Amino acid sequence: MSTGTAAAHFGAGPLSRACALVHTLLTVEVLLLLTVAPGGLGLLLLGGAPGTLPLAALCLVPLGPALAASLYALHHRSHDLTELRPARAYLRGLRLNSAAALRLWVPLLAWLTVIAYTLTHFAATGLPGWWAGLLALTGVGAVLWGANSLVLLALFRFRTADTARLAAYFMLRRGGATVGALSALVVAGAVTLWFTEVLALLLAPPLLLSLLRTSRPMITETTEEFTA
């Protein structure tokens, strides 16, 4: 085999593709952790007291752009070991999507903080017990809407209002994507509950990659029906 042919085939095999995936996941993991590091340090200092929930929400503000950038980098990842630029893709995604991510992430985070604060102080509200279940379901629905929103804003250039409407539309239109987002939410919640938030962050890139795969029908329909 000639040198040119060998170069053409290098990085095209299953092992090379697996190495490319691992390299991409690790790079995205490191960059995501660096992006959220200031807020993560704040969370460690705050502890887990319910009264600190508003401050904890402020610490989580950088997580939205970081997740959007991670989704962008994972979606645009190369399967060729010789063409890997995950750091460049992540930074490009961070630059392109941070403003849009914050416009959706901050209101979502504020709403989830209200729900969490109410649930942790539920005895003082005087509300009937079924309200707690309703609030919890509302919170889960908001997170699932947020997952669709992050995928859409990471991969498409829509106005914020259009992204919000499409995210809600696809919650009913594409149940597979919603189930995929719910599965990722359950795994992340279980890891956080049984272990630590740090481990949930470490698992973020694989979970986001899984979210992208279950969101393929939504991505395809958005490309075909809502982009020119």
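Everything here concerns the structure above.
Residues numbered from 1 in each chain as written. Predicted model: local features only at pLDDT ≥ 70, side-chain atom pairs only at ≥ 80, totals over all residues. Heavy atoms only, no water.

**Considering the overall build of the protein**
For the protein, the count of helices and strands is 11 helices and 0 strands. Of the regular secondary structure in the protein, the N- to C-terminal order runs α-α-α-α-α-α-α-α-α-α-α. Buried positions account for 37% of the 228 residues belonging to the protein. Sequence separation of 24 or more characterises 77% of the internal contacts of the protein that already satisfy a separation of 6 or more. Here the protein displays about 12,300 Å² of accessible surface, and carbon together with sulfur accounts for 71% of that area. (Helix = DSSP H or I, 4+ residues; strand = E, 2+ residues; numbered from the N terminus. Buried < 20%, exposed > 50% of the residue type's maximum accessible area, 1.4 Å probe, protein only. Contact = heavy atoms within 4.5 Å. Areas by Shrake-Rupley, 256 points an atom, 1.4 Å probe, with all protein chains shown as cover.)

**Some thoughts on the pattern of salt bridges**
Here the structure, examined in full by the defined rule, presents 2 salt bridges. The closest approach of N and O atoms between Arg-159 and Asp-162, which form a salt bridge, is 2.9 Å. For Asp-162, the salt bridge goes to Arg-165, with nearest N and O atoms at 2.4 Å. You can see Asp-162 and its partner Arg-165 sitting in helix H7 (residues 160-173), 3 residues apart, about one turn around the helix. Because the salt bridges share partners, they merge into one network encompassing Arg-159, Asp-162 and Arg-165. (Salt bridge = Lys/Arg side-chain N within 4 Å of Asp/Glu carboxyl O.)

**Let's talk about helix H11 (residues 216-226)**
Buried within H11 we find Met-218, Ile-219, Glu-221 and Thr-222. Down the axis of H11, the buried side of the element spans an arc of 165°, and every buried residue falls inside it. Exposed residues pointing more than 90 degrees away from the buried face of H11 are listed as Arg-216 and Glu-224. (Arc of directions from axis to C-beta.)

**Here's the deal with the environment of Ala-142**
Its location among the elements puts Ala-142 in helix H6 (residues 130-155). A C-alpha to C-alpha distance of 9.4 Å links Ala-142 and Leu-109, two positions 33 residues apart in sequence. Not counting residues within four places of it along the chain, the set of residues in contact with Ala-142 comprises Leu-108, Trp-111 and Leu-112.

**Digging into the packing of aromatic side chains**
Evaluated as defined, the whole model comprises 5 aromatic pairs. Note on Tyr-169 and Phe-170: the rings are 5.0 Å apart at their centroids and 65° apart in plane angle, and the pair reads as edge-to-face. The class for Tyr-169 is partly exposed, based on a relative accessible area of 34%. Looking at Phe-170, the relative accessible area reads 0%, which means it is buried. When the centroid spacing of 6.3 Å and the interplanar angle of 80° are considered together, the rings of Tyr-169 and Phe-226 count as edge-to-face. Of this pair, Tyr-169 sits in helix H7 while Phe-226 is found in helix H11, placing the two residues 57 residues apart along the sequence. Each member of the aromatic cluster is reached from another via a ring pair, and the members are Tyr-169, Phe-170 and Phe-226. (Phe/Tyr/Trp six-rings, centres within 6.5 Å; stacked < 30°, edge-to-face > 60°.)

**Quick notes on empty space enclosed by the protein**
The full count for this structure, using the stated rule, is 1 cavity of 30 Å³ or more. Taken as a whole, the largest cavity holds about 30 Å³ of empty space. Every residue along the wall of the largest cavity is listed here: Ala-101, Leu-104, Trp-105, Leu-108, Trp-145, Gly-146, Ser-149 and Leu-150. Where the lining of the largest cavity is concerned, the elements lending two or more residues are helix H5 (86-120) and H6. (1 Å grid on protein atoms, 1.4 Å probe; cavity = no way out; pocket = protein on both sides within 12 Å on 5 of 7 lines; lining within 4 Å. Points joined across faces, edges and corners; volume = space filled by probe spheres on them.)

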